[in-house]
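Observations on the three-dimensional arrangement
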Amino acid sequence: MKSSEEENYSITSDQHLDTVDVVEAAIEALTDSQIVRLLRFADLKLRGCRIFGQSRDGEDCFQEAVARTLEGSRRWNRQKVDFFGHLLGAIRSISDQWRKQSARAEKLSELLSESDTSEKERLQQEEKMAQLRLAVADDPQLGQLIDLHLLGLTGPQIQEHLQICSREYETRMKRLYRRARKSRAFL
Amino acid sequence: MSELFDLEFYQQLAEAVLAMSEEELRQSEPDFESQAQRGRAILRSAVMGHRKKMRDAYSAKSLDRTPIKGVWMPARAKQRSFLKKVIEKNPKIGFTLQHRQFRELTDDDVEKLLRKLAELGVDLQALQDEDDGHRSAE
């Protein structure tokens, strides 16, 4: 006869195995387009994210999202959201968490006078932005968009400044992304 | 270039990716297929990694929960060196075990092997007593 502890353990294991099987099936059911969208999204959310010398990118975030789901620290409510929606939420939350850690780590590095790397990264970043500016030289709307971002304006502030609606802003950002990917100079 | 720029610009681009139609996304990604394959492989490997973790945790747990009655076992830190001694004293068993790469055995493997040897009739306690006796005689 099983002890209550053994019974509890086996129930948990069975339920857990069920979750793993369900997640595995959900991964197979994701379309290529959903996977690429999530991967690119995660990559952009984590651009420049570094925690004590270790860079974190979209692939790390992808892996972490599944790991947290399987470990139960990020619950997937199957009644409310499909697996794509669940992963998207997990990626948003993980990238926000890592970004905060990255900002704290950067501050600490500055205090410890280890900011040589961040200075180098800043210069690389500026170089990449210059490349992007060049890649969209034939499209003044996109050039303007980059300049306003460089000035530190947020999305809503840019919309207000340019007197465009959010839909038009989104369209321009999509165009900027496509041009950036196509130029291969950036992103 | 401000920190705010870094944060805001890429966040906005990330949202733009979400808003794209499937066709727009395919057009913007020249290596669309290979990205999809890589992404799926990452997701699968995360599941495989978790399954392995579960298996390891389960075997460690079942090892802890099924002690053989009356079997003496040295402390975890001493088990590896003790297993070596057991093998040396029992050349017949050692013949099989020595072919395995000893260093590759995990701590759990070492304990499992000791338990198996005890099950097969090797008196671990006696070997330890004998060893202690040699040491005190020296």
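Below is a summary of the structure that appears in this document. (Residues numbered from 1 in each chain as written. Chains lettered and ligands numbered in written order. Predicted model: local features only at pLDDT ≥ 70, side-chain atom pairs only at ≥ 80, totals over all residues. Heavy atoms only, no water.)

1. Quick word on helix H7 (residues 155–162) of chain A
Structural remark: α-helix, 3.6 residues per turn; residues separated by three or four positions point the same way. Residues and elements named next belong to chain A. The following threshold applies: Using a 1.4 Å probe on the protein chains alone, a residue whose accessible area is under 20% of its type maximum counts as buried, one over 50% counts as exposed, and one in between counts as partly exposed. Here a helix means four or more residues in a row that DSSP labels H or I, a strand means two or more in a row labelled E, and each is numbered from the N terminus. Summarising the geometry, the arc corresponds to the directions from the helix axis toward the C-beta atoms.
Buried within H7 are the following residues: Gly155, Ile158, Gln159 and Leu162. Down the axis of H7, the buried side of the element spans an arc of 100°, and every buried residue falls inside it. More than 90 degrees from the buried face of H7, the exposed residues found are Pro156, Glu160 and His161. Downstream of H7 by a residue or two, Gln163 has a phi angle that is positive, lying close to 55°.

2. Some points on the interface of chain A and chain B
Definition in use: The contact criterion used throughout is that any non-hydrogen atoms of two residues lie within 4.5 Å. Buried area is a sum: the accessible area each of two parts loses on coming together, probed at 1.4 Å, counted once for each and added. The salt bridge definition used is simple: a Lys or Arg side-chain nitrogen within 4 Å of an Asp or Glu carboxyl oxygen. Definition of a polar contact: a pair of N or O atoms within 3.5 Å, with one able to donate and the other able to accept a hydrogen when the atoms are protein atoms, and with sequence-neighbouring residues admitted only if both atoms are side-chain atoms. Residue classes follow a fixed rule: Ala, Val, Leu, Ile, Met, Phe, Trp, Tyr, Cys and Pro count as nonpolar, while Asp, Glu, Lys and Arg count as charged, and any other residue, Gly among them, counts as polar.
Between chain A and chain B, the contact holds 56 residues from the first and 48 residues from the second. Across the interface of chain A and chain B, roughly 5300 Å² is buried in total on both sides, 64% from carbon and sulfur atoms. Put simply, chain A and chain B have 11 salt bridges between them. Between Arg40 of chain B and Asp32 of chain A there is a salt bridge, with the nearest N and O atoms lying 3.0 Å from each other. Summed over the shared surface of chain A and chain B, the number is 21 residue pairs in polar contact (both at pLDDT 80 or more). Of all the secondary-structure elements, those providing two or more residues to the side of chain A that touches chain B are helix H1 (4–29), helix H2 (32–45), helix H3 (58–71), helix H4 (83–111), helix H5 (116–135), helix H6 (140–150) and helix H8 (166–183) of chain A. With 11 residues, H1 of chain A is the single largest residue contributor to the side of chain A that touches chain B. Residue classes in the side of chain A that touches chain B are distributed as 26 nonpolar, 9 polar and 21 charged.

3. Here's the deal with the environment of Arg179 of chain A
Residues and elements named next belong to chain A. Relative to the elements of secondary structure, Arg179 occurs in helix H8. For Arg179, a relative accessible area of 23% translates into the label partly exposed. When the C-alpha positions of Arg179 and Ala135 are compared, they lie 7.4 Å apart, and in sequence the two are 44 residues distant.

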